[in-house]
Amino acid sequence: MIKRLFKHVLDRREQERQAELYRNFIRHEAKLGGELFGPIPKNHRREFFCFDKHTWVWHEEWTDAKGATHTKTTRYDIRPDGILKAQDNQPYQQATREETINLYNAAKLYKTEVLDKIYNFV
Amino acid sequence: MDNIFGKSFESFKSAAGSVANEMGYVKFQEGHKNADYLMNIVENLGILPVAEDQAPAPKETSALKILTTDIELEQTEPEVKAEAYVQPEVSADELAAKRDRMSQARGAISSIYPPDTTTDENHDDYIDGIAA
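Calculation criteria
Residues numbered from 1 in each chain as written. Chains lettered and ligands numbered in written order. Predicted model: local features only at pLDDT ≥ 70, side-chain atom pairs only at ≥ 80, totals over all residues. Heavy atoms only, no water. Helix = DSSP H or I, 4+ residues; strand = E, 2+ residues; numbered from the N terminus. Buried < 20%, exposed > 50% of the residue type's maximum accessible area, 1.4 Å probe, protein only. Areas by Shrake-Rupley, 256 points an atom, 1.4 Å probe, with all protein chains shown as cover. Salt bridge = Lys/Arg side-chain N within 4 Å of Asp/Glu carboxyl O. Pairing = 2+ DSSP bridges. Core = buried A, V, L, I, M, F, W, Y, C linked by side-chain atoms within 4.5 Å. Contact = heavy atoms within 4.5 Å.

Draft legend 1. Structural detail: the overall build of chain B. A count of helical and extended segments in chain B gives 6 helices and 0 strands. Mapped in sequence order, the helices and strands of chain B form the string α-α-α-α-α-α. Considering chain B as a whole, with its 132 residues, one finds that 17% of them fall into the buried category. Accessible area of chain B: about 10,400 Å², with a carbon and sulfur share of 56%.

Now the structure itself:
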């Protein structure tokens, strides 16, 4: 009984550790992903990352002249027939042609500039 | 790649140890697959601009299109085309003379090459078909 409890605790810790590690990888990807689009303005925080096969995220956070903080999160939903996007919990809408092409180019760069650099130790 | 989120990536990796290697490998593979998935979908949408140096050179397709157009143009004048293929009337004498010439030609050929007895009948059919 004690052995099983001990194993359960160990397993759970391992899972938590792996989940934390996974989140850290995503954070690193997001940080480097945000740098793909050129210099980040002062008082801005930009992140761009692939969450999973169907989800890419763009997050922008900035402070205006009055010191107020703004955030905008864009979620791209990759579907077999096209790209949908949702901003700040607004309903999904079709990404424009230009935006879709930009996303395509971003994903292309993401492979070489983010994935290949972060995981080159593997 | 230092000081990402206040912690260097190198120290993060070494602290995570071999688990990081395993997961890093999985994330790397997964990330590439996901990016390829997105790219494939966009490519299939057919909206990507084609760079000039990558534009397909005018080739068979356009030539074929021209050919097809020509053929269609010909087909718009079926009567003319039909007239062009009307068989000229051949008299019985002319036909006999033609057969003679063919026969002589066959004789000349068979003097050089031995006759192929297995297909000779077929050859006759073929030649007769032309002569008729």
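There's plenty left to go through after this.
Draft legend 2. Region of interest: the pattern of salt bridges. Evaluation of the coordinates by the stated rule reveals 9 salt bridges over all chains. Note that K27 of chain B is salt-bridged to E29 of chain A, the shortest N-O span being 3.2 Å. Here E29 of chain A lies in helix α1 (residues 2-34) and K27 of chain B lies in helix α2 (residues 18-45), a pairing that spans two chains. In this pair, the class of K27 of chain B matches that of E29 of chain A, namely buried. In this structure, E47 of chain A and R45 of chain A form a salt bridge, with 2.8 Å as the shortest nitrogen-oxygen distance. You can call E47 of chain A buried: its relative accessible area is 10%. Looking at R45 of chain A, the relative accessible area reads 39%, which means it is partly exposed.

Draft legend 3. Quick peek at the sheet that holds strand β1 (residues 44-52) of chain A. Residues and elements named next belong to chain A. With antiparallel pairing, 5 strands are arranged side by side in an open sheet as β1-β2-β3-β4-β5. Single-partner strands in this sheet number two, and they are β1 and β5 (93-94). Across 9 bridges, strand β2 (residues 55-63) lies against strand β3 (residues 69-79) in antiparallel orientation. From the neighbouring strand, W62 faces β3, where its bridge partner is H70.

Draft legend 4. Highlighting the nonpolar core. In terms of nonpolar packing, the biggest core is built from 35 residues, with W56, I78, I83 and Y110 of chain A touching the most fellow members. Looking at this core, the elements with two or more residues in it are α1, β1, β2, β3 and α2 (97-118) of chain A together with α2 of chain B. Every residue in contact with I78 of chain A, bar those within four places of it in the chain, is listed here: K53, H54, T55, W56, I83 and L103 of chain A together with Y37, L38 and I41 of chain B.

Nothing here speaks to function; it is all geometry.
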